[in-house]
Amino acid sequence: MSDTQHAEIVIIGGGVIGCSLAYHLTRMGHSDVMLLEREQLTQGATWHAAGLVGQLRSTRNKTRLMQKSVELYDTLEAETGQPTDWKKVGSLRLACSPERMLEIRRSATLAKSFDLDFEIISAKQAQDLFPIMSTDHVLGAAFIPGDGYVDPSSVTQALARGARDKGAVIRQGVRVTGMKIEGRRVVGLHTDQGDILCDKVINAAGMWGHEVAAMAGVRAPVIALEHQYLLTDKIPDMPSNMPTMRDPDHLIYIKPEVRGLAIGGWEPDTVSWAEAGIPVDFGPELLPSNFDRFEQLAEYATMRMPVVGQTGVRELVNGPIPWSADGDFFMGLAPEMDNFYLCNGFSYGIAAGGGAGAMMAEWITEGHPSVDLFGLDVRRFGPHHNAKSFLYPRCIEMYRKYYSLHMPNEENQTVRGIRRSPLYDVLKSQGAIMGSKAGWERPNWFARNGDEAVEHASFTKPSWHDTVALECRDIRENVALIDMSSFSKFEMKGPDALAVMQRLCIANMDKPVGSVVYTQMCNERGGIETDITICRTADDTFYIVTGSAFATHDGDWISRNMFDTDRAVFSDITSSRTVINLCGPNSRKVLEKVTASDLSHAVFPFATCRDIFIGCAPVRAVRISYVGELGWELHIPSEYTLHVYEALKQAGEEFAMSNAGYRAVASLRLEKGYLAWSSDITPDYNPVEAGLGGRIGFKTKGDFIGRAALEKVREHGAEQKFCVFSLDGEAWVHGGECILHDGNVVNVTTSGGYGHTVGKSIVMGYVPARLADQQGFEIEVFGERFEAVRHSRAIYDPEMTKLKQ
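Residues numbered from 1 in each chain as written. Predicted model: local features only at pLDDT ≥ 70, side-chain atom pairs only at ≥ 80, totals over all residues. Heavy atoms only, no water.

## Examining the overall build of the chain
Here is step 1 of the chain: Per the secondary structure count, the chain includes 17 helices and 39 strands.
Here is step 2 of the chain: Rg of the C-alpha trace for the chain: 27 Å, near the compact-globule value of 28 Å for 805 residues, within the 12% margin.
Here is step 3 of the chain: Taken along its principal axes, the extent of the C-alpha atoms in the chain is 85 × 65 × 55 Å.
Here is step 4 of the chain: Residues counted as buried form 62% of the 805 residues belonging to the chain. (Helix = DSSP H or I, 4+ residues; strand = E, 2+ residues; numbered from the N terminus. Rg over C-alpha atoms; globule rule 2.2 N^0.38 Å. Buried < 20%, exposed > 50% of the residue type's maximum accessible area, 1.4 Å probe, protein only.)

Pasting the structure below:
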């Protein structure tokens, strides 16, 4: 490259996200930061954003990120001298249905556990705060005093000024046209004004993120949708300092403006934009207004604020906004590259801008964010998410549902059937109600005689509750089949395979061939990065099984952290094998009818695997369980799947063997206290506090990633400990409930559900170590407190006799 410049870090995109990144990187000591903007700052989606800033999200760490935005906006103008027009006036969220009131009460519980000021108020109190609103249909409201709104262009310019003040270079009118790649690194950028050498690149290109990522051979599942909001004429005598207001039951949001109101919403029939590619010269432009599409929102706005019907329209703004494959933004180091970062898909970029910039700057500087952000990590996506044939219909569905009631276990409906087990059609014909995970169609439950063959999710008792209870009974008392083909599967093979696994895993992996080891992989801080089951299938081969949704994340973690060697090959082999879980007290009797292998406990004990034949099919039988019963996971070469299933079904007729789905698995694992990665265990938690300390090979192996940190925890003791609680009464729990002790909030539950065998609701979560051997806990569920019994061992079969018979 000739006539080149150089920068340590180059940010592509000059919207609020790119400028926030530049601001925070310079404050973390990076002086050689260059931001490239193809037009002028804000001239993508930022300048026409509505500017609402709300903090509460569905998880603690997402909420923390949003709180960081508010903390920054509180001080940014004073720090930089650049006006931001930040109005910390609070936000209202109305409830116009009993279900929405339930949602608000659940949100109040979340906010309490997140230490966020949140008030449930009456319709009249809401009207006192927002006098021009009607209280028609309003049952109550939530008020968050710390929320507000900000001028998007002004806050972006303030961030840019703060970045420049610390040495960042911001170049406007520079378009990136290509990238120079060497191996897994972007070493330079081609622009329309010359070449730039760089050490790290951050894609913050907003709705252009998909195209910019493609220059590096990277997937970035983001596209553009049309979004409209209306600006009214001046409203005489409109009260000042009104909060923002959201009326999700009527799809609208309202922001006070100097002269009137900005009224927007999430209509069910928005459209995509620029499917053939965003024009390279698209700048500070708007799209043609569509009053017909906005009419439904205007009618709702007039119902909520009658004065709107008497007020003229100043402008209907229609601008493209970025939208990701699941409706939330994504961040992190691209799995395909070693120095290319993504920060894209921000449909609420102004609200998230300050916090996302801070977290991403940490990620780049330290190699990780300060808290677990898997729900925002680009590695939550798989290859299919990047296909435009997936992106456009799914993004429109997520847009349409933005203000919908988000029920637990609710399924998306568009672009289904992407990944199917060979058993898909067979199971559908037997009543399978399918759910979707990582593109896989998986049986959630099976409709029986008289069941409506459709799911109705609910905050309380879901439609499948009683039928899933029967599936749980069959697994606990008899025998059932579960199609678990969606498991992600890897193989580590070669002369150095054992050494690599010893470095990565906390457990001693030097076990005999045929051993099955449940273990975790930790980062240097001792946080849990993966939760996996590993079969040693040969002296130089390990078969690794993890969750359906974790293939990209876990595969990336293993690939990046295995030591440099050409004597061990790591491969994703998910598609090569299907999995049928045969489980229940009669599972041995069924399996014995279709194999000549000895299945006795003496010959085939728990936590071992063997290659057997079922009928004519070679099968890897793994004696392990996530439901807590005698059983085998049968890992089958894909082409033999139907043959094995048919043999098992025929053998099971004598026992009235049934099918079961993942709703039953979710219930049964709670009764056993089994953990789930991304909720119960994450990089925020270490194995000692999670109750997995006994799996750490302190005495049986040498060094491994995280050992030093875990030895310190062992020496000084864990600060918190994982506990399981059961609740009496009709407590519909889902995770995210407050844990209280002596009336004080001590934490939030990580998982929750109903244990059909024990007949109780069950939650899990961490409590301070000083309380971990005590009783006297309460769980707050939708604002109501329930006494909770803490269990020191699994609620069901604590001696594990069922597993080891």
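After that view of the structure, there is still more to cover.
## Quick notes on helix α3 (residues 98-113)
Here is step 1 of the chain: Helix length check: α3, at 16 residues, gives a terminal C-alpha distance of 23 Å against a target of 22 Å (1.5 Å per residue), a fit within 8%.
Here is step 2 of the chain: Among the 16 residues in α3, twelve count as buried, and that is most of the element.
Here is step 3 of the chain: Within α3 the residues assigned to the buried category are R100, M101, L102, E103, I104, R106, S107, A108, T109, L110, A111 and S113.
Here is step 4 of the chain: Where α3 terminates, the next one or two residues include D115, which has phi positive at roughly 60 degrees. (Expected span 1.5 Å × (residues − 1).)

## A short note on unusual backbone geometry
Here is step 1 of the chain: With a phi angle near 65 degrees, A607 is a residue other than glycine that sits in the positive phi range.
Here is step 2 of the chain: Among the secondary structure elements, A607 is positioned in the loop between α14 (587-592) and β30 (609-614).
Here is step 3 of the chain: Assessed through its relative accessible area of 23%, A607 is described here as partly exposed.

## Quick word on the packing of aromatic side chains
Here is step 1 of the chain: In the structure shown here, the tally under the stated rule is 24 aromatic pairs.
Here is step 2 of the chain: Where F329 meets F346, the ring centres are 4.1 Å apart and the plane angle is 10 degrees; that geometry is what we call stacked. Within this pair, whereas F329 is found in the loop between β17 (313-324) and β18 (330-333), its partner F346 is found in the loop between β19 (340-344) and α8 (349-366), the two being separated by 17 residues in sequence. Here the two residues F329 and F346 agree in accessibility, since each one is buried.
Here is step 3 of the chain: When the ring of F459 is compared with that of F782, the centres are 5.8 Å apart and the planes differ by 70 degrees; the resulting orientation is edge-to-face. Placement of F459 in the loop between β22 (440-446) and α11 (465-477) and of F782 in the loop between β38 (777-781) and β39 (784-791) is noted, with a sequence separation of 323 residues between them. Accessibility classification places F459 together with F782 in one group, the buried group. (Phe/Tyr/Trp six-rings, centres within 6.5 Å; stacked < 30°, edge-to-face > 60°.)

## Here's the deal with the sheet that holds strand β26 (residues 528-538)
Here is step 1 of the chain: Strand order in the open sheet formed by five strands is β25-β26-β27-β24-β28, and the pairing between neighbours is antiparallel. Every other strand in the sheet has two partners, leaving β25 (516-522) and β28 (569-572) as the edge strands with one partner each. Neighbour to neighbour, the strand axes of the sheet diverge by 30 degrees on average, direction disregarded.
Here is step 2 of the chain: For strand β24 (residues 488-493) and β28, the ladder comprises four bridges, and the chain directions are antiparallel. Along β28, the bridge assignment pairs E491 with S571.
Here is step 3 of the chain: Across the sheet, helix α12 (residues 497-504) lies against β24, β25, β26 and β27 (541-546), angled at about 125 degrees from β24, the strand it touches most. (Pairing = 2+ DSSP bridges. Axes fitted to C-alpha atoms, helices over the stretch in contact; angles between N-to-C directions. Contact = heavy atoms within 4.5 Å.)

## Observations regarding the pairing of strand β29 (residues 577-583)
Here is step 1 of the chain: With respect to burial, β29 is a largely interior element, seven of its seven residues being buried.
Here is step 2 of the chain: In this structure, strand β23 (residues 480-483) lies alongside β29, joined through four bridges in antiparallel fashion. Residue pairing across strands places D483 opposite I580, the latter belonging to β29.
Here is step 3 of the chain: Taken together, the seven bridges between β29 and strand β32 (residues 631-637) define a ladder with antiparallel strand orientation. Counted as the bridge partner of V579 is H635 from β32.

## Examining the pattern of salt bridges
Here is step 1 of the chain: Applying the stated criterion to the full structure yields 42 salt bridges.
Here is step 2 of the chain: Across the salt bridge formed by D85 and K87, the nearest N and O atoms sit 3.4 Å from each other.
Here is step 3 of the chain: Given a relative accessible area of 37%, D85 falls into the partly exposed group.
Here is step 4 of the chain: Classification of K87 by relative accessible area gives partly exposed; the value is 33%.
Here is step 5 of the chain: In this structure, D247 engages R304 in a salt bridge whose closest nitrogen and oxygen atoms are separated by 2.8 Å. One end of the pair, D247, is in strand β13 (residues 244-247); the other, R304, is in helix α7 (residues 291-304), with 57 residues separating them in the sequence. The pair D247 / R304 is uniform in exposure class, with both members buried.
Here is step 6 of the chain: Members of the salt-bridge network, linked through shared partners, are R184, D338, D377, R379, D556 and R560. (Salt bridge = Lys/Arg side-chain N within 4 Å of Asp/Glu carboxyl O.)

## Digging into the side chain of R394
Here is step 1 of the chain: Its location among the elements puts R394 in helix α9 (residues 388-400).
Here is step 2 of the chain: The contacts of R394, once residues within four sequence positions are left out, are A325, N412, T414, V415 and R416.

## Describing helix α15 (residues 641-652)
Here is step 1 of the chain: Here α15 contains twelve residues, and its C-alpha end-to-end distance of 16 Å stays within 8% of the 16 Å for a straight helix at 1.5 Å per residue.
Here is step 2 of the chain: Among all positions in α15, only T641, V644, Y645, A647, L648, A651 and G652 are buried. For α15, the arc enclosing every buried residue in end-on projection is 165 degrees, short of the 170-degree limit, so these residues lie on one face. Facing away from the buried surface of α15 by more than 90 degrees, the exposed residues are E646 and Q650. (Arc of directions from axis to C-beta.)

## Structural notes on the packing of helix α2 (residues 60-80) against α8
Here is step 1 of the chain: For the pair α2 and α8, interaxial distance at closest approach is 7 Å and the crossing angle is 100 degrees. Classified by the angle between their axes, α2 and α8 sit roughly perpendicular to one another. Along its contact with α2, which presents L65, M66, K68, S69, L72 and Y73, the element α8 presents I350, A351, A352, G353, G354, G355, A356, A358 and M359.
Here is step 2 of the chain: Here the residues of the contact of α2 with α8 sort into ten nonpolar, four polar and one charged. (Parallel < 35°, antiparallel > 145°, perpendicular 65-115°, else oblique. Nonpolar A, V, L, I, M, F, W, Y, C, P; charged D, E, K, R; others polar.)

## Description of the side chain of R669
Here is step 1 of the chain: Within the secondary structure, R669 sits in helix α16 (residues 662-672).
Here is step 2 of the chain: Engagement of the side chain of R669 in a polar contact is seen with the backbone oxygen of Y674, the distance being 2.7 Å.
Here is step 3 of the chain: In this structure, R669 is in contact with Y626, Y674, L675, A676, D680, S751 and M764, ignoring residues within four places of it in sequence. (Polar contact = N/O pair within 3.5 Å; in protein donor to acceptor, adjacent residues only side chain to side chain.)

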